[in-house]
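Each chain, letter by letter, is given below.
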Amino acid sequence: MHRTIDWADGAVVIIDQVALPGEYRRSTLRTVDELVDAIRRLAVRGAPALGAAGALGVALAAFAGGDVRGEAERIAAARPTAVNLRWGVTRALGKLGDGPAAVVALGRAMLDEDERKNRAASGHAAEVVLRSCPRRPLRLLSHCNAGHLAAVAWGTALGVVWHLHERDLVESVLVDETRPLLQGSRLTAWELARAGVPYRVQPDSAAAFAMARGLVDCVLAGADRIAANGDVANKIGTYGLALAAAHHRIPFVVVAPESTVDDFATTGADIVIEERSAAELTELHGHPLAPANAPVFNPAFDVTPAGLITAVVTENGVRPAPSP
Ligand code: MRU
């Protein structure tokens, strides 16, 4: 598979995640407007991939000239929750004084770095899973998409599955479909199928029951922002999974690069949670799924308190529990 996001011939090239799983298509984004639109539509998504999008977006702006810092702010604000987006923009702005080519060089280096760090983080997390779960082979539960498609390559939480599958230690993965945009059934299931890992898609609402029936050895989740106290913002539904996992004494492991840690967020309460359009819940391909103008609450993420998480694992290993 190509990198989820790359730089080629003066443009950003992405695997278009809106087209999957029906079509594997790459799209070329030549302007900041096109990049911001792709980020908002989730054609490129997932915290680590957004970090790369932020940096490469600044490169687009630098080559275009004009108000590069204003354009950079527009990119950073395209989605508010994954801290990696602003982190990528800020890093790239640091090279602006050296010219557009230097910004691209940094962006390219960040692409390599992303894969290296996520491979390391998920490798450490695989060891945590093996230490925490006695059963072999393992039955894992995945929420949203934290795989190759959410990063430049490889992935974070799903990267754990790749490491364990290489060692023939995965029996199967239960894939939460991840309403309302179905990153689980559209993207995670697609990645698992390609890799030959056995999986079953389930409605999000089946997860607690699957745990109660003894079908889950460990829950794996990515993160969009990790607060200084260890609270984790991730795809909506993650908090409920963590509550159910704690009730059933099932390990709940979060995997992310250090770039997802936001020391300026003291606790999860400081994390801005994106609310998305009502239409994501009230319409399907133009057909109504709710009464006309139904009021909607559609947060894209939630916050899981640190106390419900077995381990937060990054490229540096298990993050130490924050002092109380
Ligand atoms: O709205 P999305 O699809 O960008 O949400 C993505 C997630 O919540 C992922 O779990 C998170 O970014 C970690 S990806 C390695």
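Residues numbered from 1 in each chain as written. Predicted model: local features only at pLDDT ≥ 70, side-chain atom pairs only at ≥ 80, totals over all residues.

Observations regarding the packing of helix H1 (residues 32-41) against helix H3 (residues 68-76)
For the pair H1 and H3, the least separation of the axes is 9 Å and the interaxial angle reads 15 degrees. Classified by the interaxial angle, the pair formed by H1 and H3 is roughly parallel. In terms of crossing hand, the pair formed by H1 and H3 is left-handed. On the side of H1, the interface is formed by Val 32, Leu 35 and Val 36, while H3 contributes Glu 71, Arg 74 and Ile 75. (Axes fitted to C-alpha atoms, helices over the stretch in contact; angles between N-to-C directions. Helix = DSSP H or I, 4+ residues; strand = E, 2+ residues; numbered from the N terminus. Parallel < 35°, antiparallel > 145°, perpendicular 65-115°, else oblique. Left-handed = near helix turned anticlockwise from the far one by under 90°. Contact = placed C-beta atoms within 7 Å.)

Notes on the site of the ligand
If you check the shell around the ligand, you find 19 residues, and the closest are Arg 45, Ala 47, Ala 150, Gly 222 and Lys 235. When contributions to the shell around the ligand are tallied by element, the ones reaching two or more residues are helix H2 (47-64) and strand E9 (232-235). Of the residues belonging to the shell around the ligand, the class tally is ten nonpolar, six polar and three charged. Among the domains, domain 1 (5-113) and domain 2 (134-318) are the pair contributing at least three residues each to the shell around the ligand. (Near = placed C-beta within 6 Å. Nonpolar A, V, L, I, M, F, W, Y, C, P; charged D, E, K, R; others polar. Domains from an automatic or database assignment.)

Examining the UniProt feature "binding site: substrate" (unreviewed entry) in the protein chain
With numbering aligned to this structure, UniProt lists the feature "binding site: substrate" (unreviewed entry) at Arg 45, Gly 46, Ala 47, Arg 79, Gln 183, Asn 234 and Lys 235. Taking the C-beta count within 10 Å as the criterion, Arg 45 has 26 such neighbours and is therefore assigned buried. When residues no more than four places from it in sequence are discounted, the contact partners of Arg 45 are Gln 17, Leu 50 and Ala 150. Within the secondary structure, Arg 79 sits in the loop between H3 and helix H4 (83-93). Once residues lying within four places of it in the same chain are set aside, the contact partners of Arg 79 are Ile 39, Arg 40, Leu 50, Leu 85 and Glu 274. (UniProt positions renumbered as here; feature names shortened; annotations may be inferred. Buried ≥ 20, exposed ≤ 12 C-beta atoms within 10 Å, placed from the backbone.)

A word on the pairing of strand E7 (residues 218-221)
Residues Cys 218 and Leu 220 line one face of E7 and the alternating positions Val 219 and Ala 221 line the opposite face, and both faces are buried. For strand E4 (residues 138-142) and E7, the ladder comprises three bridges, and the chain directions are parallel. Note that in E7 the partner of Ser 142 across the bridge is Leu 220. Alignment of E7 against strand E10 (residues 252-255), held across three bridges, turns out to be parallel. Within the sheet, the bridge partner assigned to Ala 221 lies in E10 and is Val 254. (Pairing = 2+ DSSP bridges.)

A few points about the sheet that holds strand E11 (residues 261-262)
Strand pairing in a sheet relies on backbone hydrogen bonds, with the paired strands running either antiparallel or parallel. Ordered by their spatial adjacency, four strands build an open sheet running E11-E8-E9-E14, and the pairing between neighbours is mixed. Unpaired on one side and paired on the other, E11 and strand E14 (301-304) mark the two borders of the sheet. Looking at chain direction, strand E8 (residues 225-227) and E9 are connected through two bridges and run antiparallel. Counterpart to Arg 225 in the pairing with E9 is Ala 233.

As for the nonpolar core
Residues Ala 53, Val 58, Val 219, Leu 220, Val 253, Val 254 and Val 255 are the most contacted members of the largest nonpolar core, which totals 105 residues. For this core, the leading source of residues is H2, giving twelve residues. Split by domain, the residues of this core number at least three in each of domain 1 (5-113) and domain 2 (134-318). Setting aside its immediate chain neighbours within four residues, Ala 53 contacts Ile 5, Leu 35, Ile 39, Val 44, Leu 85 and Gly 88. (Core = buried A, V, L, I, M, F, W, Y, C linked by C-beta atoms within 7 Å.)

Structural notes on the domain arrangement of the protein chain
For the protein chain, the assigned domains read domain 1 (5-113) and domain 2 (134-318). Centre-to-centre separation of domain 1 and domain 2, based on C-alpha positions: 24 Å. Facing 21 residues of domain 1, the contacting portion of domain 2 comprises 27 residues. At the level of elements, H2 and H4 are the ones that each hand at least two residues to the side of domain 1 that touches domain 2. Broken down by element, the residue count for the side of domain 1 that touches domain 2 peaks at five residues, all from H2. Partitioned by chemical class, the residues of the side of domain 1 that touches domain 2 number 14 nonpolar, five polar and two charged.

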